[in-house]
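Coordinate analysis (summary)
One-letter residues, chain by chain:
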Amino acid sequence: MAGTTRTNLVKGDTSETNAVAAGAIALAALLFALSLAALFELVTISDPVGGVPVVTLLGLILAGLGGAVITFGVGSFLGYVETQPSPSAGLVATAVLSGIWFTVGGLVASQTLGLGGLTWLPVALLVGGGAFALTALPREDIGSTLPAGALTLLTGLVFVTGTIGPAWVWELAFEQQASLTAEFVVPTATLFAALLSGWAAAKAYGGFGARGRHMGAYVLIYLNASSIVGVLFVLVAFTAVKGIPGLLNGARVGQGVGPAVGPVALPVSVPFVMNGAGLFAEVKGVLPAIVGTVWLVVGAVLFAVPLGVGAAIFLTEYAERGRLTQAVEVATNGLWSTPSIVFGLFGFAFLVPRFGGNKSLISGMLTLGFMLLPLVLITSREAIIAVPDEYRDASAALGVTKWQTVKSVVIPAALPGVVTGVILGVGRIAGETAPILLTMTGGTFVSGGQTVDVIGGFQFTSTPPFVANPELLDATTALPFQLFALIKAGVGLGDNVASPEQFQWATALMLLVVVLSFYAIGIGARYYFRRRLNHE
């Protein structure tokens, strides 16, 4: 009877303590989000919330979180919580926590106690050694929670007591004057403390042991993944907020206010998107740069994709594995990691002289095509290799030729992977500035220039090659270069722009929209081919 009563009590306590651990994880996630918001200045640490400065509020939450983590570990060790801890916290946890406490000890000794030279080193070794002993020697419940909780608690007390406040500055002893301010240190310290305590609370929630380690790893992965998504969202939102006023400058909505498309006038007029940046434009725009960017990417894709996919098919399906294929792999990996300025110099030295000696659209297309080619080859090879051999064997059993198998079975199955590689490559080449600066654009084309008309520029001739296109041989502009020139060189606006900063941010927003549009097209194509493959 007594045993039954004890089991019920343990189960009840376990439920309550699990709720506490889950609350600690949620608190760590909240701190993580707040620290990211403070890093991007969406929240100012000196602003009051309910009469309490943000830095003090962060300190109070950190202190409470650290105390909860310590309490849970001690409760598990004393048997008040039903857990299954391992004999030790593990080598990785020991190394990380010892390293963090070594750094903290060194900073306190050198900055707070004022120990100069290497006199801070014994203090750092003593603190790091204590953290090592506290992590490695006891059971996992103590080794995982006490060092992490104590660090979080210490960080919170430093903020609450004002040791590090909104006006705190750390002057770094460099030849060039530099300093760390509270606006950077407070969010960064909060972020790391939240990660550490969230990991420890997750292990406690899982009851330590194998399940606890998995829970801790999941929390770290989820928080980091969420931070990446959050950073991307903030970047896009920040660019949009800054760029929309310039984008909508002079915009009108109404019947017949837009440019004519055939006999009908569009009901929307957005001069920034529909006009050029000429001297006589009532509202300056970036239409030539948008069109130039689109044609650059289209030309590079049309050049690189057939060559890259064809080379991948040959190397994977026809060439025997040997030194040739190994050399190609090394070369393509090296080319993909080559800086873009090297491709720009290649285009300037090799392509520009062969197209009349002047910068031209086709030189920029081919230069970016050479940049895209290695990634298309690499991803296409991986996608083709990933096609199961059963597909090839089943096709061969029907008596079809090798090429028919490749054309009808292998390529359709590999297309989603190929499209993924093209999407990644387009994201790189669409924003490149150095290659097009050397091969396609520059000079006065940022402030004026005509919108390139590639399709309308084709002409049939009676002499080889029987087709000519002067538009491809003319220099033009593109959004990356125009943005570079506007911000760094300060050209291309003239005197009739109300807000140069708005124009610059609007140009950045248009570049982002163009790149994301290519991403959307690529993702749609990948989804189409994948769905078609699954249905077949």
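First, a word on what this report is: a plain description of the structure on this page. (Residues numbered from 1 in each chain as written. Predicted model: local features only at pLDDT ≥ 70, side-chain atom pairs only at ≥ 80, totals over all residues. Heavy atoms only, no water.)

What to know about the overall build of the protein chain
Heads up, the rule is: Segments assigned H or I by DSSP are reported as helices when at least four residues long, segments assigned E as strands when at least two residues long, and all are numbered from the N terminus. Residue burial is assigned from relative accessible area. The probe radius is 1.4 Å, only protein chains are included, and a residue is buried under 20% of its type maximum, exposed over 50%, and partly exposed in between.
A tally of regular secondary structure across the protein chain gives 17 helices and ten strands. Within the protein chain, buried positions represent 40% of all 536 residues.

So, empty space enclosed by the protein
Empty space among the atoms becomes apparent when a probe as large as a water molecule is rolled across them. Our working definition: The method works on a 1 Å grid over the protein atoms by themselves. A cavity is a set of points holding a 1.4 Å probe that cannot get out, a pocket is an open set with protein on both sides within 12 Å along at least five of seven lines, and residues with an atom within 4 Å of a point line them. Grid points are joined across faces, edges and corners, and a volume is the space filled by probe spheres set on the points. Here the term charged refers only to Asp, Glu, Lys and Arg, the term nonpolar to Ala, Val, Leu, Ile, Met, Phe, Trp, Tyr, Cys and Pro, and the term polar to all other amino acids, Gly among them.
The full count for this structure, using the stated rule, is two cavities of 30 Å³ or more. Volume-wise, the largest cavity comes out at about 50 Å³. What lines the largest cavity is simply Val20, Ala21, Ala24, Ala68, Val69, Phe72, Ala201 and Ala204. Counting only elements with at least two residues in the lining of the largest cavity, the list comes to helix 1 (2-39), helix 2 (54-77) and helix 6 (182-205). Grouping the constituent residues of the lining of the largest cavity by class yields eight nonpolar, no polar and no charged.

Considerations on the environment of Leu479
Quick reminder of the rule: Only heavy atoms enter the contact rule, under which two residues are in contact if any of them lie within 4.5 Å.
Counting through the fold element by element, Leu479 comes out in helix 16 (residues 479-489). Classification of Leu479 as buried rests on a relative accessible area of 0%. In the structure, Leu479 is positioned 29 residues away from Ala508 in sequence and 7.8 Å away in space, judged by C-alpha atoms. Once residues lying within four places of it in the same chain are set aside, the contact partners of Leu479 are Val286, Ala289, Ile290, Thr293, Thr507, Met510, Leu511 and Val514.

Overview of the packing of aromatic side chains
Just so we agree on the cut-off: Aromatic pairs are defined between Phe, Tyr and Trp rings, using the six-membered ring for Trp, whenever the two ring centres lie within 6.5 Å; interplanar angles under 30 degrees are classed as stacked, those over 60 as edge-to-face, and all others as tilted. Here, a charge over a ring means that NZ of Lys or CZ of Arg falls within 6 Å of the ring centre while also lying within 35 degrees of the ring normal.
Tallied over the full model, the rule gives nine aromatic pairs. Summarising the aromatic geometry, the rings of Phe346 and Phe370 are spaced 5.4 Å apart at their centres and angled 90° between planes, so their arrangement reads as edge-to-face. On the criterion of sequence distance, the pair formed by Phe346 in helix 11 (residues 340-351) and Phe370 in helix 12 (residues 361-385) is long-range, its members being 24 residues apart. The exposure class of Phe346 is partly exposed, given its relative accessible area of 34%. Taken together through their ring pairs, the aromatic side chains of Phe303, Phe346, Phe350 and Phe370 make up a single cluster. Directly above the ring of Phe350 sits Arg354, whose terminal nitrogen or CZ lies 4.2 Å from the centroid. Taking the ring centre of Trp336 as reference, the NZ or CZ of Arg428 above it sits at 4.6 Å.

Some details on unusual backbone geometry
You will see that Phe208, though not glycine, has its phi angle at about 60°, which is positive. One can find Phe208 in the loop between helix 6 and helix 7 (209-247).

Regarding the pattern of salt bridges
What counts, and what does not: Put simply, a salt bridge is a Lys or Arg side-chain nitrogen that is within 4 Å of an Asp or Glu carboxyl oxygen.
Inspection of every chain in the model, using the stated rule, returns nine salt bridges. For Arg381, the salt bridge goes to Glu329, with nearest N and O atoms at 2.8 Å. With Arg381 in helix 12 and Glu329 in helix 10 (residues 323-336), the pair connects residues that are 52 residues apart, well separated along the chain. Its relative accessible area of 10% is what places Arg381 among the buried residues. For Glu329, a relative accessible area of 24% gives the class partly exposed. Across the pair Arg428 and Glu432 runs a salt bridge whose closest N-O atoms are separated by 3.6 Å. For Glu432, a relative accessible area of 14% puts it in the buried group. The structure contains a network of salt bridges with shared partners spanning Glu317, Asp389, Arg392 and Lys402.

Overview of the packing of helix 10 against helix 12
For the record, the criterion: A fitted line through C-alpha atoms serves as each axis, taken over the contacting stretch for helices, and the angle formed by two N-to-C directions is quoted from 0 to 180°. Between 65 and 115 degrees an angle is taken as roughly perpendicular, under 35 as roughly parallel, over 145 as roughly antiparallel, and anywhere else as oblique. Helix crossings are classified by the rotation of the near helix relative to the far one: an anticlockwise turn of less than a right angle makes the crossing left-handed, while a clockwise turn makes it right-handed.
Between helix 10 and helix 12, whose axes approach to 8 Å, the crossing angle comes to 130°. The orientation of helix 10 relative to helix 12 falls into the category oblique. For the crossing formed where helix 10 meets helix 12, the hand is left-handed. Where helix 10 abuts helix 12, its residues Thr325, Val328, Glu329, Thr332, Asn333, Leu335 and Trp336 lie against Met371, Pro374, Leu375, Leu377, Ile378 and Arg381. Tallied by class, residues from the contact of helix 10 with helix 12 come to eight nonpolar, three polar and two charged.

Focus on a nonpolar patch on the surface
Formally: Residues enter patches when their relative accessible area tops 30% and they take part in no salt bridge; the joining distance is 9 Å for like charges and 5 Å for the nonpolar side chains Val, Leu, Ile, Met, Phe, Trp and Tyr. For every accessible area listed, the method is Shrake-Rupley and the probe measures 1.4 Å; residues are considered covered only by the protein chains on display.
A cluster of nonpolar side chains, namely Leu39, Phe40, Leu42, Phe184, Ile228, Leu232 and Leu235, defines an oily patch on the protein surface of about 660 Å² accessible area. Here the nonpolar patch takes three residues from helix 7, the largest share from any one element.

Regarding the layout of surface pockets
The calculated volume of the largest pocket comes to roughly 1200 Å³. Lining the largest pocket are 36 residues, and of these Val104, Leu107, Leu151, Thr155 and Ala189 lie nearest its centre. Counting only elements with at least two residues in the lining of the largest pocket, the list comes to helix 3 (91-112), helix 5 (140-160), helix 6 and helix 7. Tallying contributions element by element places helix 3 first for the lining of the largest pocket, with twelve residues. Residue classes in the lining of the largest pocket are distributed as 27 nonpolar, seven polar and two charged. Lining the second largest pocket are 17 residues; nearest its centre among them are Val301, Val419, Val422, Ile521 and Gly522. When contributions to the lining of the second largest pocket are tallied by element, the ones reaching two or more residues are helix 9 (287-318), helix 14 (402-429) and helix 17 (500-535).

Quick look at the packing of helix 11 against helix 12
At a closest axis distance of 9 Å, the pairing of helix 11 and helix 12 adopts a crossing angle of 135°. On the basis of the axis angle, helix 11 is oblique to helix 12. The element helix 11 and its partner helix 12 pack so that their crossing is right-handed. Across the interface between the two elements, Ser340, Phe343, Gly344, Phe346, Gly347 and Leu351 of helix 11 pack against Ser363, Leu366, Thr367, Phe370 and Met371 of helix 12.

Some thoughts on the side chain of Ser35
Take Ser35: it is sitting in helix 1. Taking the relative accessible area as the measure of exposure, Ser35 reaches 0% and is therefore buried. Among residues more than four places away in sequence, those in contact with Ser35 are Pro187, Thr190 and Leu191.

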